[in-house]
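Residue strings, one per chain:
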Amino acid sequence: MNPWLDSVLVLLILTNLYLLGSSRISACIQSVAMQAVLLGLILLLAQPEGLGPRLLLLAAAGTIIKAGILPWLLRRAAREVGAQTEVEPLVGFTTSLLLGLVLLGAALHVAGRLRLPGQERSSLLVAVALFTTMVGLLLIVSRRKALMQTLGYLAMENGIYAFGLAFAVDEPLLVEMGVLLDVFVAVFVMGIAIHHISREFDHIDTDRLSALKD
Amino acid sequence: MSLLASLIHVVCALLLAPLLPGIINRVKAWYAGRRGPPLLQAYYDLWKLLHKGAVYSKTTTWLFVAGPIVGLACSGLAILIVPLGGVPGLVAFPGDFILLAYVLGLSRFFTILAALDTGSSFEGMGASREAFYAALAEPAMLLGLAAMTVQAHSLSLSNVYAAVTWGAMTTSAGPALLLVAAALLIVFLAENARIPVDDPNTHLELTMIHEVMVLDHSGPDLAMIEYGAMLKLWVLGTLLVGILVPVRSGFLGVDLIVGLGGMLVLAGLVGVVESTIARLRLVRVPQFLVAASVLSILAIVLVMR
C-alpha cells in the first residue's frame, strides 16, 4: 500500500465532492483542472517498476491538455457567455454532496466485488475511478447550465482515464490518446455551441431548449 | 506518572484557557495593523466581571441562573475527559468520546434554555440558530472520532489519540486522519462561534448566533459563560492538536509541552483564519457543516475499507 498514492486518491475524491458542492463555475473549472494534475501524479506514482521518459512525456502531455488548454477554453466560454454561477440546479448542492457520498459507497462496493484481470495498482484506485465517472454523470443530469454539463463530461473522462491507469499503463495508452483527442474535440465543439446558443438566446439553460417550437 | 501529566494538563488548561482568545485577538489586531488588547485581556475581563453584581429580570426563573453554572460545569468536565496528544485524559474509559459529545450537548441545552427563559424573541432566534448548527456539527464530530476509534481499535479517547503517531500518519491511515482533522477544524470553528460561521465581534447584529443568547447575563454569570466558552475552545482545540501534532515521544513531559505549544499555535492559526476569511452567509453555513460530516464519513469509509 503506497501512502502517497492513497493521499492523491483522497484528494481526487475531495475534488469530486467539491465539484458537487460548489456553485461557482470558475471554481468548478479549477477543480476539474486539479483532477487532471492529480491524474498525472497517479500515473507517475502507480509505477512499481520505475519511470521511463515515455511515461513522463505522456503524463506531461495529458496534464497540459487537460489542466491547461481545456480549462482555458472553458474559462473563455464562461467569460463570453457571462455565466458565473449555477443558480438553480435541478438537485441542490447539499443534496448533491450527500448523493456523492452514496455514489462513493456504491463505487467502493462495486470495486470490491469486481473481479478484474491483471494486477491492480491500488485497491482504492478502481473505486475512485468509478466514483469520478459517476460524479460526472450526476453533474450532467443535475445541472442546468451547459458549461457545468461540459465539466461533468470532463470529470467522466477523468474517471475513465483513472480506470485505465488502474491496470496496464503501457498497452492501452493508444486508446487513451484516442479518448483524449475525442474529449478535446468535444469540448471544442461544446465551447463553440455554447457560445452560439448564448448569442441567440441570452442564456445557456439547457432545460429551456425543450420550450423551443418551430 | 501518567496521572501526574494528566493532572498538569488539566491545571494548565484551567489556567491557560483565557490566554487563547488573547492570542487570537492579538493576531487579528496585528493583521489589521493595530496594537490590539493586551494578551491577558481575557483574565482582566473575568476579574472585572466577577466583582460586579448580577441583574436578573423578573420574568426569569431558576433556569436563567442555572444556565451559566451548568455550562461551566460541563466545560470543566469535558476538560477532564480530553487527552492532549499523548497525555491521556484524567478520566479515561471505553466510550468516553460519547460522554464528551453529550457533556457538550448538555451545556448547549442549558444555554439555550436560559436564553429562552428570558422571553426575548431576539435571544430565541439565536437559540434556534445555535440548536440548528449544533445539530449539524455534532454528527461531524462524532463520526470523525468514530473513524479514529476504528483506526485505533479502541473506544477510549486517550488510547485513540495515543495511536495517532508519526508512523500512523505516514501509512495508509494518514489520509483518513487528515480528513478527520479537517472535519474537526470546521466543528472547532462552528462550535466556538468563530469566523466562517459566526463573528464574535458583532455583538448587536442579527447574524450572530452565540453572543445573542447571553445578552441578558451579567456579572459573575457572564464571567462563568465566558470562562466556559474558553474552556470549550480548549477542549475542541485539544482534539484538533492531537491529530495535527503527531508527536508521541514516549516521555509524557515532552508530549505535554509540545501539546501546549500546539494549542498556542492553533490559537494563532484561528487568528489568521479570522483575518483572512469572510464570514459565510447564514444560508451557506449548513452546507459548510454538512461538508464537515461528509469529510468524516469519507474518513470512516477509508479506515473501514
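Residues numbered from 1 in each chain as written. Chains lettered and ligands numbered in written order. Predicted model: local features only at pLDDT ≥ 70, side-chain atom pairs only at ≥ 80, totals over all residues.

### What about the overall build of chain A?
What counts here: Helix and strand definitions here come from DSSP, where helices need a minimum of 4 consecutive H or I residues and strands a minimum of 2 consecutive E residues; each element is numbered from the N-terminal end. Counts of 20 or more other C-beta atoms within 10 Å of a residue's own C-beta define buried residues, counts of 12 or fewer define exposed ones, and intermediate counts define partly exposed ones; C-beta atoms are placed from the backbone.
Helix and strand counts for chain A stand at seven helices and zero strands. Helices (α) and strands (β) of chain A occur, in sequence order from the N terminus, as α-α-α-α-α-α-α. The buried share among the 214 residues of chain A stands at 40%.

### Details of the overall build of chain B
The condition that has to hold: The contact criterion used here is simple: two residues whose C-beta atoms, placed from the backbone, lie within 7 Å are in contact.
In terms of helices and strands, chain B carries 13 helices and zero strands. Scanning chain B from its N terminus toward the C terminus, one meets helices and strands in the order α-α-α-α-α-α-α-α-α-α-α-α-α. Along the longest, intermediate and shortest principal axes, the C-alpha atoms of chain B span 60 × 45 × 40 Å. Taken across its 305 residues, chain B has 52% of its residues classed as buried. Contacts in chain B between residues far apart in sequence, at least 24 positions, make up 80% of those at least 6 positions apart.

### Notes on the packing of helix α5 (residues 123–142) of chain A against helix α6 (residues 146–165) of chain A
Residue and element names in this part refer to chain A. Counted only if it meets this: Interaxial angles span 0 to 180 degrees and are taken between N-to-C directions of axes, which are lines fitted to C-alpha atoms, for helices over the stretch in contact. Angle categories: roughly parallel below 35 degrees, roughly antiparallel above 145, roughly perpendicular from 65 to 115, and oblique for all the rest. With the far helix as reference, a near helix turned anticlockwise by less than a right angle produces a left-handed crossing, and one turned clockwise produces a right-handed crossing. Amino acids outside the nonpolar list (Ala, Val, Leu, Ile, Met, Phe, Trp, Tyr, Cys, Pro) and the charged list (Asp, Glu, Lys, Arg) are all regarded as polar, and Gly is one of them.
At a minimum axis separation of 7 Å, α5 and α6 run at an interaxial angle of 165°. When the axes of α5 and α6 are compared, the pair comes out roughly antiparallel. Remark: the crossing between α5 and α6 carries left-handed chirality. The residue inventory of the contact of α5 with α6, partitioned by class, reads 18 nonpolar, seven polar and no charged.

### Quick word on the interface of chain A and chain B
In this complex, chain A contributes 15 residues to the contact, which on the side of chain B involves 16 residues. At the level of secondary structure, the elements contributing two or more residues to the side of chain A that touches chain B comprise α1 (3–21) and α4 (93–113) of chain A. Its residues assigned to classes, the side of chain A that touches chain B comprises 10 nonpolar, four polar and one charged.

### Observations concerning α4 of chain A
What counts is decided by this rule: To estimate the expected span of a helix, count its residues, drop one, and scale the result by 1.5 Å.
Spanning 21 residues, α4 of chain A covers 30 Å between terminal C-alpha atoms, matching the ideal 30 Å at 1.5 Å per step. Taken together, the buried residues of α4 of chain A touch α1 and α5 of chain A together with α13 (285–304) of chain B.

### Structural notes on the packing of helix α2 (residues 19–32) of chain B against helix α12 (residues 252–276) of chain B
All names here are of chain B. Two elements in contact, α2 and α12, have axes whose closest approach is 8 Å; the angle formed by their N-to-C orientations is 40°. Accordingly, the angle class assigned to the pair α2 and α12 is oblique. In this structure, α2 crosses over α12, and the sense of that crossing is right-handed. Residues L20, I23, I24, V27, K28 and Y31 of α2 lie in contact with α12, whose contacting residues are L264, A267, G268, V270, G271, V272, E274 and S275. Residues belonging to the contact of α2 with α12 are distributed by class as follows: nine nonpolar, three polar and two charged.

### Observations regarding the nonpolar core
Buried together is how nonpolar side chains tend to be arranged in soluble globular proteins. For clarity, the threshold we go by: When buried Ala, Val, Leu, Ile, Met, Phe, Trp, Tyr and Cys residues are joined through C-beta atoms within 7 Å, the set is termed a nonpolar core.
In terms of nonpolar packing, the biggest core is built from 159 residues, with V180 and V187 of chain B touching the most fellow members. When near neighbours in sequence (up to four residues on either side) are disregarded, V187 of chain B contacts A137, A140, M141, L236 and A292 of chain B.

### Here we look at unusual backbone geometry
Negative phi values dominate among residues other than glycine, just as trans dominates among peptide bonds. Residue and element names in this part refer to chain B. Phi angles above zero are rare outside glycine, and H153 is one such case at about 55°. Along the polypeptide, H153 turns up in the loop between α6 (121–152) and α7 (157–162). Phi angles above zero are rare outside glycine, and A193 is one such case at about 55°. Structurally, A193 is set in the loop between α9 (173–191) and α10 (210–213).

### A closer look at the environment of V270 of chain B
Residues and elements named next belong to chain B. If you trace the backbone, V270 turns up in helix α12. Residue V270 is classed as buried on the basis of its 24 C-beta neighbours within 10 Å. A sequence separation of 61 residues divides V270 from I209, and the C-alpha atoms of the two residues are 18 Å apart. Those residues in contact with V270 that lie beyond four places of it in its chain are I24 and R194.

### Some thoughts on the environment of L90 of chain A
All names here are of chain A. Summarising the element assignment, L90 is placed in the loop between α3 (53–81) and α4. For the pair formed by L90 and S123, sequence separation is 33 residues and the distance between their alpha carbons is 33 Å. When sequence neighbours within four positions are dropped, the list of residues in contact with L90 reads S142 and R144.

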